[in-house]
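For reference, the chains in residue letters:
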Amino acid sequence: AFAIDFYEIQIYPTETDPQYHLQVELHSNSTTTAVGSEAKSQIDAHQIHETIETTYGLLPYLEIGQYFCTAKLDNGHYEYAGSRSKIHFGIPQTMDWPVSFGGNIELDYMRRAAEDQPFTLEMRPIAETHLGKFFLIVNLPFNKPFAGPGTHKGVVISPQGLIEYEKLLPWLSPAVEYYGDMGAIRSLPGAQHQQHFIVPALTFDFLDQLELNVGVGIGLTRASNGTFVKTIIGWTF
């Protein structure tokens, strides 16, 4: 049991919310196509996910967050799907480092009706750097499920990354994002049985308080042979 996390399709930077600031985000993700029996078994075509995320800057380099997840489930009903709690941090730099580091720790407690693996711990190392006008981020989430199918196989690895060209226009930054799910480390399946998506995306910077990101995911393997649409709308108070 492995699949892209359609409740939150987002690359984490090392930067955290400013101290004492509250950010509220709406993640809207929907799968539009799934081609082939293997992709359909992994992607759940036409399923809709809506997640509200609230994040609070607790310290200058540390934020805490809570997710409220909803989805249109296989029974055709739109329902509460579960919740998540996170601690996201950056490592303060004492010099002009070429690479910044951070991490995210997240505990997922979802409904069994919504997730095959309802109780999961995620550990996500983060690295980022700038190369001229290009902004590069690498996320390397490790997920340990504690309930559901495949739990006995152990830790699952789900690499992610982003290359963004900053400020193509004063209000627009295009990017290419990548999301993968390779499966359990102890018994990695073949590449065609893993999920790998490339996501052309746009980030709009109309206001300092506003976050607006849209993208279209394109599957690259038999297990991910489909497309999805994702949007993130956020406001910082």
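What counts and what doesn't
Residues numbered from 1 in each chain as written. Predicted model: local features only at pLDDT ≥ 70, side-chain atom pairs only at ≥ 80, totals over all residues. Heavy atoms only, no water. Helix = DSSP H or I, 4+ residues; strand = E, 2+ residues; numbered from the N terminus. Buried < 20%, exposed > 50% of the residue type's maximum accessible area, 1.4 Å probe, protein only. Contact = heavy atoms within 4.5 Å. Lys, Arg positive; Asp, Glu negative; His and termini not counted. Charge placed at Lys NZ, Arg CZ, Asp CG, Glu CD. Salt bridge = Lys/Arg side-chain N within 4 Å of Asp/Glu carboxyl O. Pairing = 2+ DSSP bridges. Polar contact = N/O pair within 3.5 Å; in protein donor to acceptor, adjacent residues only side chain to side chain. Core = buried A, V, L, I, M, F, W, Y, C linked by side-chain atoms within 4.5 Å. Patch = residues over 30% accessible without salt bridge, like charges linked within 9 Å, V, L, I, M, F, W, Y side chains within 5 Å. Areas by Shrake-Rupley, 256 points an atom, 1.4 Å probe, with all protein chains shown as cover. Phe/Tyr/Trp six-rings, centres within 6.5 Å; stacked < 30°, edge-to-face > 60°.

Asker: Hey, could you run me through the overall build of the protein in this one?
Answerer: When helices and strands are tallied, the protein shows one helix and 15 strands. A buried classification covers 45% of the 237 residues belonging to the protein. Contacts spanning at least 24 positions in sequence make up 54% of the contacts within the protein whose residues lie at least 6 apart. If you average the places of the 14 positive and of the 26 negative side-chain charges in the protein, the two averages end up 9 Å apart.

Asker: Where do I start with the environment of Q10 in this structure?
Answerer: Position of Q10 relative to the elements: it lies in the segment before β1 (22–34). Considering only alpha carbons, one finds Q10 and G161, 151 residues apart in sequence, at a separation of 9.5 Å. Not counting chain neighbours up to four residues away, the residues in contact with Q10 comprise E25, H27, E53, R124, Q160, Y179, E211 and I232.

Asker: Would you explain the pattern of salt bridges in this entry?
Answerer: Should the charged atoms of two oppositely charged side chains come close, the side chains can pair. Enumeration over the complete set of coordinates arrives at 10 salt bridges. Put simply, E106 and R84 hold a salt bridge, and the shortest N to O gap is 3.8 Å. One end of the pair, E106, is in strand β5 (residues 100–110); the other, R84, is in strand β4 (residues 78–90), with 22 residues separating them in the sequence. Pair check on accessibility: E106 and R84 agree, each one buried. Across the pair E122 and R124 runs a salt bridge, and its minimum N-O distance is 3.0 Å. The burial state of E122 is the same as that of R124; both residues are buried.

Asker: Can you walk me through the pairing of strand β7 (residues 134–139) in this structure?
Answerer: Within a regular strand, side chains alternate between the sheet's two faces. Only one face of β7 is buried, namely the one carrying F135, I137 and N139, since none of F134, L136 and V138 on the opposite face is buried. Relative to β7, strand β6 (residues 119–131) runs antiparallel, the two sharing six bridges. Bridge assignment links L131 to a residue of β7, and that residue is F134. With six bridges joining them, β7 and strand β10 (residues 160–165) adopt antiparallel strand pairing. Paired with F134 across the two strands is Y165, which belongs to β10.

Asker: How do you make sense of unusual backbone geometry when you look at a structure like this?
Answerer: Note on backbone geometry: most residues besides glycine have negative phi, and most peptide bonds are trans. A positive phi angle is found at Y20, which is not glycine, with a value near 70°. A positive phi angle, close to 60°, is found at K167, a residue other than glycine. Structurally, K167 can be placed in the loop between β10 and β11 (172–181). On the basis of relative accessible area, K167 is assigned to the partly exposed category, the value being 38%.

Asker: What should I look at first to understand the side chain of T129 in this one?
Answerer: Along the polypeptide, T129 turns up in strand β6. In this structure the side chain of T129 is engaged in a polar contact, spanning 2.5 Å, whose partner is the backbone oxygen of P98. If we skip the residues at most four places from it in the chain, T129 touches P98, V99, F134, F135 and L136.

Asker: I keep staring at the nonpolar core and nothing clicks. Help me out?
Answerer: Inside soluble globular proteins, nonpolar side chains tend to come together where they are buried. Y7 and A81 are the most contacted members of the largest nonpolar core, which totals 25 residues. When residues of this core are traced back to their parent elements, those giving at least two are α1 (37–43), β3 (62–72), β7, β11 and β13 (195–204). Here the element with the most residues in this core is β3; it accounts for three residues.

Asker: Would you mind going over a nonpolar patch on the surface with me for this structure?
Answerer: Together, L22, L168, L169, W171, F206, L207, W235 and F237 line one region of the surface with nonpolar side chains, adding up to about 770 Å² of accessible area. Structurally, the position occupied by F206 is in the loop between β13 and β14 (210–219).

Asker: Could you clarify how one ought to interpret the packing of aromatic side chains in this entry?
Answerer: Centre-to-centre distance and the angle between the planes together describe a pair of aromatic rings. What the rule picks out here adds up to eight aromatic pairs. Taking 5.7 Å as the distance between ring centres and 20° as the angle between the ring planes, the aromatic pair formed by W171 and F206 counts as stacked. In this pair, W171 is assigned in the loop between β10 and β11 and F206 in the loop between β13 and β14, connecting sequence segments 35 residues apart. Residue classification places W171 among the partly exposed residues on the basis of a relative accessible area of 35%. Judged by its relative accessible area of 48%, F206 falls in the partly exposed class.

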